[in-house]
Amino acid sequence: MPKDIPENASPITRLKTVKTRLLEFDMKLLYPSELLRRLTGRSLVPSYWPIVALLLGAVVAHSGENKIVLSLQERTVHALNRLGFGPRPGQVDQVVRMGWHNWAEQQLYPDIIEDNRLERRLSSEFPSMSMSMEDIYRDYTLRRQSAINGKSIKDLSLEERREFNKQNNRLRAKLGKELTHSVLVRAVESNRQFQEVMVEFWRNHLNVYQKKVKIDCNHYEENVLRKHSFGRFEDLLMASAKHPAMLAYLDNRVSKKDGLNENYAREIMELHTLGVDNAYSQKDVIELARVLTGWTSGRQRGRKGDSPTYGFFFNKRNHDMNPVTVVGKTFTGLEGVADGENAIRHLAGHEGTAKFISTKLCRYLVNDNPSPRLVNQVALVFLKTKGDLRKVYRSIIFSAEFMDPANFKVKFKTPFEFVVSSLRSSGAGINNPELLSRAITQMGQGIYQCDVPTGYSDQAEAWLDPGVLALRWEYAIRLTQGKLGKRGKNSPVSFSSPQFASWQQLPHRELAEKVADQFLPGSSGERSSAFLEQARDIRGMARLALGSPEFQQQ
């Protein structure tokens with residue numbers, strides 16, 4: 001360790017100090033062992049290899065900026081990492097044969113990609129994901145009118161009330177796990193990888209918080225994000241605006257003409273459409289809040305004899321009927337729900353929205369700091385196609401900048417991306433999603449657990465805390481040792497599988513090459529293999545691969 005690190009320093013202090021040293025060197029060609037030798041004059045103790053490697057991955061961009069063009073394999077790996085959550089074993093060769101352009105074009109039409117095995121699992125294990133809001137409300141909550149044994153809740157004893165609350169909490173916990181587990185299983189196992197990548201983008205852009213919105217998020221995931229993520233932005237925005245999850249999360253369902261709540265009006269302009277302080281004022285926020293009064297949700301009885309239904313409805317009595325002007329467009333206030341719909345369409349099609357959404361998409365798919373030229377090109381497509389998201393995505397994917405060597409492996413994986421890609425690269429299945437969901441939560445990115453409307457960031461600076469990086473290394477150890485569950489049960493990776501077992505008899509060098517090819521495709525092969533050779537066995541090699549700079553980047 002460097003001399004100025006006390007012997008009794010905490011692991012986090014040690015990590016931060018080493019990180020400072022890293023920034024003092026040109027490290028693009030250095031691996032941890034050589035780096036520490038230069039820093040301290042000592043050889044690297046094996047237990048520190050992956051930690052320093054993680055720090056390298058955090059502060060060094062192993063991009064192809066010095067290359068004229070990416071190789072065929074690098075282009076394929078780049079596509080699989082950016083348009084998916086990384087390759088499954090053997091998938092790089094498969095996509096090389098078909099051509100990454102053809103694979104990407106296919107991914108733009110997820111509905112035509114066969115995924116029957118996953119769909120059967122979703123239907124069996126996560127039934128709420130295909131239910132209507134009314135059915136979810138019926139099956140996952142206890143009715144207060146018939147709480148226990150047909151009694152109304154007001155007639156329950158104290159003990160019965162406790163039992164009622166316990167049963168209700170159990171049902172809601174089951175509903176919540178079906179949502180988070182289905183998100184994880186889909187990301188790892190789906191053949192429709194680009195759909196999963198883009199739903200993750202919109203899940204953060206149009207964020208709702210599960211702990212506040214206890215029974216509506218499952219339907220929101222399926223019928224807002226998944227249904228509209230390859231359609232028109234206007235339809236996606238409208239679906240979110242009218243969904244009980246968003247109405248509850250940003251408090252618009254309680255906004256009335258005589259009790260205005262500005263939360264949703266502010267966030268739809270600041271976060272969902274125009275961007276911070278772009279083309280709107282505080283007066284616009286108030287005016288939009290007024291035009292959206294009466295937009296609420298809950299159970300509503302229809303015509304006489306009809307059963308009540310749960311969902312969005314417009315309460316005319318709570319609506320402000322005075323004229324308003326929102327970002328330059330005037331609404332009479334007399335058109336009821338139509339005034340609010342027209343205001344949302346106005347924002348969805350605004351030039352400022354095109355620029356803001358295009359910037360975020362380019363940042364997500366290309367580079368944390370996308371070029372103004374690319375953003376302007378994509379924004380123009382957004383405006384010309386009236387927000388056709390499939391065409392907007394295509395304009396990014398098949399742009400010259402997407403495959404520019406300078407953008408190769410310059411994005412840093414979020415915790416969600418890291419965990420999902422680790423499972424995909426190892427060929428793992430998911431028998432117990434809860435273990436993996438907990439790991440992601442411990443790293444700071446719990447699924448549907450972001451309590452602020454911004455959602456989670458996909459930029460590197462949000463995830464470079466040394467403590468969080470140490471958690472990644474701990475996860476890599478547990479994953480490769482088969483210790484995610486108690487006593488090794490339900491671990492998703494088995495190194496006794498036929499594939500891994502067939503490698504065990506290989507010479508050490510060849511084994512390292514096999515592990516590098518599987519976990520680090522598209523990396524500099526000889527350096528990667530040499531690095532992995534420092535481990536004694538296949539588990540150690542896999543652990544080093546998952547903690548390496550290359551694996552942290554995409």
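Residues numbered from 1 in each chain as written. Predicted model: local features only at pLDDT ≥ 70, side-chain atom pairs only at ≥ 80, totals over all residues. Heavy atoms only, no water.

Q: Which parts of the structure should I look at to understand the overall build of the protein?
A: Scanning the protein from N- to C-terminus turns up 27 helices and 4 strands. Per-residue burial for the protein yields a buried fraction of 56% across its 554 residues. In the protein, once contacts between residues fewer than 6 apart in sequence are set aside, the share between residues at least 24 apart is 71%. With an accessible surface of roughly 24,500 Å², the protein has 48% of that area assigned to carbon and sulfur atoms. (Helix = DSSP H or I, 4+ residues; strand = E, 2+ residues; numbered from the N terminus. Buried < 20%, exposed > 50% of the residue type's maximum accessible area, 1.4 Å probe, protein only. Contact = heavy atoms within 4.5 Å. Areas by Shrake-Rupley, 256 points an atom, 1.4 Å probe, with all protein chains shown as cover.)

Q: How do you make sense of the packing of helix α17 (residues 351-365) against helix α18 (residues 372-384) when you look at a structure like this?
A: To characterise two packed helices, one gives the angle between the axes of the helices and the distance between these axes. Put simply, α17 and α18 touch, their axes get as near as 8 Å, and they point 125 degrees apart. On the basis of their axis angle, the class for α17 and α18 is oblique. Crossing handedness for the pair α17 and α18: right-handed. Facing Glu351, Thr353, Ala354, Lys355, Ile357, Ser358, Thr359 and Cys362 of α17, the residues of α18 in contact are Leu374, Val375, Asn376, Val378, Ala379, Phe382 and Leu383. Class assignment for the residues of the contact of α17 with α18 results in 9 nonpolar, 4 polar and 2 charged. (Axes fitted to C-alpha atoms, helices over the stretch in contact; angles between N-to-C directions. Parallel < 35°, antiparallel > 145°, perpendicular 65-115°, else oblique. Left-handed = near helix turned anticlockwise from the far one by under 90°. Nonpolar A, V, L, I, M, F, W, Y, C, P; charged D, E, K, R; others polar.)

Q: Could you clarify how one ought to interpret the environment of Trp463 in this entry?
A: Looking at where Trp463 falls in the secondary structure, it is placed in the loop between α21 (433-442) and α22 (466-481). When the C-alpha atoms of Trp463 and Pro415 are compared, they prove to be 7.9 Å apart, with 48 residues separating the residues in sequence. Dropping the residues within four chain positions of it, Trp463 is found in contact with Phe412, Thr414, Pro415, Met443, Gly444, Gln445, Tyr456, Ser457, Leu469 and Arg472.

Q: I would appreciate a short explanation of helix α6 (residues 100-107) in the present structure.
A: Residues three or four positions apart in an α-helix share a direction because the helix packs 3.6 residues into each turn. All of the buried residues in α6 are Trp100, Trp103, Ala104 and Gln107. Mapping the buried residues of α6 onto a view down its axis gives an arc of 95 degrees, with all of them on the same face. Its buried side turned inward, α6 meets α4 (72-82), α5 (91-98), α10 (193-205) and α19 (389-397). (Arc of directions from axis to C-beta.)

Q: How should unusual backbone geometry be read in this particular structure?
A: Negative phi is the rule for most residues except glycine; trans is the rule for most peptide bonds. Located in the positive-phi region is Asp277, a residue other than glycine, with phi close to 50 degrees. Here Asp277 shows up in the loop between α14 (263-272) and α15 (282-291). Backbone geometry at Lys386 places phi at a positive 55 degrees, although glycine is not the residue there. Take Lys386: it is sitting in the loop between α18 and α19. Accessibility expressed as a relative area gives 61% for Lys386, which makes it exposed.

Q: Before we go on, may I ask you to explain the packing of aromatic side chains in this structure?
A: Two aromatic rings are characterised by how far apart their centres lie and by the angle between their planes. Taken as a whole and judged by the stated rule, the model has 15 aromatic pairs. Measuring from ring centre to ring centre gives 5.6 Å for Phe85 and Phe416, while their planes differ by 80 degrees; the resulting arrangement is edge-to-face. In this pair, Phe85 is assigned in the loop between α4 and α5 and Phe416 in helix α20 (residues 415-425), connecting sequence segments 331 residues apart. For the residue pair Phe85 and Phe416, the accessibility class agrees, reading buried in each case. Centre to centre, the rings of Phe194 and Phe230 are 5.8 Å apart; their planes meet at 80 degrees, and the pair counts as edge-to-face. Within this pair, whereas Phe194 is found in helix α10, its partner Phe230 is found in the loop between α11 (217-228) and α12 (233-241), the two being separated by 36 residues in sequence. Across the pair, Phe230 and Phe194 agree in class, each one buried. Cluster of aromatic residues (ring-pair linked, three or more members): Phe201, Trp202, Phe233, Tyr364 and Phe382. Its guanidinium or amino end placed over the ring of Phe551, Lys413 lies 3.7 Å from that ring's centre, counting from NZ or CZ. (Phe/Tyr/Trp six-rings, centres within 6.5 Å; stacked < 30°, edge-to-face > 60°. Lys NZ or Arg CZ within 6 Å of the ring centre and 35° of its normal.)

Q: I'm lost on the confidence of the model for the protein in this one. Help?
A: As a general rule, the predicted coordinates of low-pLDDT regions are not to be interpreted in detail. Here the protein averages 86 in pLDDT, while 81% of its residues score no lower than 70. This stretch, residues 10-16, has a pLDDT under 50; its non-local contacts, to residues over four places away or in other chains, come to 14 contacts. In the model, residues 22-49 has pLDDT below 50 throughout and makes 55 contacts with residues more than four positions away in sequence or in other chains. (pLDDT = per-residue confidence, 0-100.)

Q: Would you mind going over the environment of Gln504 with me for this structure?
A: Secondary-structure assignment places Gln504 in the loop between α23 (498-503) and α24 (508-519). Given the relative accessible area of 37%, Gln504 is considered partly exposed. The spatial distance from the C-alpha of Gln504 to the C-alpha of Ile538 is 7.5 Å, given a sequence separation of 34 residues.

Q: Before we go on, may I ask you to explain the pattern of salt bridges in this structure?
A: Two side chains bearing opposite charge may form a pair once their charged atoms approach each other closely. Within the structure shown, the criterion is met by 26 salt bridges. Across the salt bridge formed by Arg192 and Glu119, the nearest N and O atoms sit 3.0 Å from each other. Of this pair, Arg192 sits in the loop between α9 (158-189) and α10 while Glu119 sits in helix α7 (residues 116-125); the two residues are 73 residues apart in sequence, bridging distant segments of the chain. Residue classification places Arg192 among the buried positions, given a relative accessible area of 14%. The exposure class assigned to Glu119 is partly exposed, which follows from its relative accessible area of 35%. Here Glu234 and Arg232 are joined by a salt bridge, their closest N and O atoms 3.6 Å apart. What makes Arg232 partly exposed here is its relative accessible area of 32%. Taken together, the salt bridges that share partners define one network made up of Glu196, Glu200, Arg203, Glu221 and Arg226. (Salt bridge = Lys/Arg side-chain N within 4 Å of Asp/Glu carboxyl O.)

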